[in-house]
Amino acid sequence: MFAEVLDQIPQPETKPDECYLKDGLLYCRKCNTPKQTKISIFGTEKIVYCMCECETHAEKNMQLAVRSSMREEEIERARRMALDSPEFPTHTFANDSGIQPMIKHCQSYAREFETKAKNGSGLLIYGNCGTGKSYGAECIANYVIDRGKAALVTNFSKISEVVSAVPFEEKAAYFSSLRKYPLLVIDDLGVERETEYMMEIINRVIDERERSGKPMIITTNFSWEEICNPRNDDWARIFSRILKRNYPLRFEGDDLRKVEHMKMRKTEREFYNTSIS
């Protein structure tokens, strides 16, 4: 019965110029290994197909290519879920212009993320507007995502919108969902409306991350003076909790957006002056 089943299995086509006969079996001309093998079933000997070494190697390469493609798709899906922005994928250390020297410290953190994550150690990136704080934080997020970890880049205004939109009975689940991300990036702390409701949300998110033991990276335009001497008790409590687990990193320098704008203006001016003359 088994011999009959084997006889019904279709055998791969072999071309004469690709194979040769040796000891009653077909051999591959490329790798000189058998493409057939003999098996015995209840005393009956049968010749069946088997992959030669070059076919086995090609199969492994194909499987690796498929797995690599699937991994790339998963990474890009994770990137879209982290921050739905056309610019976000380009915010990488490889694309850094080098203008902001503190980016190197962001890169050092990213390289040691596995160790930092175990300790729940994050960063508080502070400084003037336009100095590259968000870019540095997003570079870290992309670095983490490229290595198969999930990240979320958001701000408290967005979180507030989600909390306001979900039913009351689902609010706790939403806050708990912020624990699952190996990295949470909160951008522009301090630009949101300063209300009692918003202060509650900020403290709730910090609380969830503390419970998870996972790190946050927070960017803010607050100065070090404002961080050390908050304007009220609410901010004093918030910064006290943040500095407990987040190392402060100061970004200094000119507003990079203005620098880029001036470069663009100069290029455009040269173009139009040339075209007129």
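Structure shown above.
None of these values were measured; they are calculated from a predicted model.

The rules behind each value
Residues numbered from 1 in each chain as written. Predicted model: local features only at pLDDT ≥ 70, side-chain atom pairs only at ≥ 80, totals over all residues. Heavy atoms only, no water. Helix = DSSP H or I, 4+ residues; strand = E, 2+ residues; numbered from the N terminus. Contact = heavy atoms within 4.5 Å. Phe/Tyr/Trp six-rings, centres within 6.5 Å; stacked < 30°, edge-to-face > 60°. Buried < 20%, exposed > 50% of the residue type's maximum accessible area, 1.4 Å probe, protein only. Lys NZ or Arg CZ within 6 Å of the ring centre and 35° of its normal. Core = buried A, V, L, I, M, F, W, Y, C linked by side-chain atoms within 4.5 Å. Axes fitted to C-alpha atoms, helices over the stretch in contact; angles between N-to-C directions. Parallel < 35°, antiparallel > 145°, perpendicular 65-115°, else oblique. Nonpolar A, V, L, I, M, F, W, Y, C, P; charged D, E, K, R; others polar.

Q: It is not clear to me how the side chain of Arg 79 should be interpreted in this structure. Could you clarify?
A: Within the element layout of this structure, Arg 79 appears in helix 2 (residues 53-82). Discounting residues that sit within four places of it in the chain, Arg 79 has contacts with Phe 88, Pro 89, Asn 142, Ile 145 and Asp 146.

Q: Just to check I follow, could you spell out the packing of aromatic side chains for this structure?
A: Centre distance and the angle of the planes are the two values used to describe a pair of aromatic rings. Scanning the entire structure with this criterion turns up eight aromatic pairs. With a centroid separation of 6.2 Å and an interplanar angle of 70 degrees, the aromatic rings of Tyr 109 and Phe 113 are classed as edge-to-face. Ring geometry for Phe 222 and Phe 239: centres 5.3 Å apart, planes at 90 degrees, overall edge-to-face. In this pair, Phe 222 sits in the loop between strand 8 (216-220) and helix 9 (224-228) while Phe 239 sits in helix 10 (residues 233-245), placing the two residues 17 residues apart along the sequence. Exposure class is identical for Phe 222 and Phe 239. Each is buried. Each member of the aromatic cluster is reached from another via a ring pair, and the members are Phe 222, Trp 235 and Phe 239. In this structure, Lys 22 packs its charged tip against the face of Tyr 27, placed 5.2 Å from the ring centre.

Q: I keep staring at the nonpolar core and nothing clicks. Help me out?
A: The nonpolar side chains of a soluble globular protein tend to be buried, and buried together. In this structure, Phe 93, Ile 125, Ile 140, Leu 183 and Ile 217 are the most contacted members of the largest nonpolar core, which totals 28 residues. Counting residues per element, this core draws most heavily on helix 5 (residues 133-146), which supplies eight residues. With residues up to four places along the chain from it excluded, the contact list for Ile 217 reads Tyr 109, Leu 123, Ile 125, Ala 137, Ile 140, Leu 183, Leu 184, Val 185, Ile 186 and Asn 246. Within the second largest apolar cluster, 27 residues are counted, among which are Phe 175, Leu 189, Met 199 and Ile 227.

Q: Looking at this structure, how should I read the packing of helix 7 (residues 168-177) against helix 8 (residues 196-212)?
A: Packed helices, taken two at a time, are described by the angle between their axes plus the distance between the axes. Axis separation between helix 7 and helix 8 bottoms out at 9 Å; the angle between their running directions is 55 degrees. For the element pair helix 7 / helix 8, the angle class is oblique. Only Ile 201, Arg 204, Val 205 and Glu 208 of helix 8 make contact with helix 7, whose side of the interface consists of Ala 172, Phe 175 and Ser 176. Partitioned by chemical class, the residues of the contact of helix 7 with helix 8 number four nonpolar, one polar and two charged.

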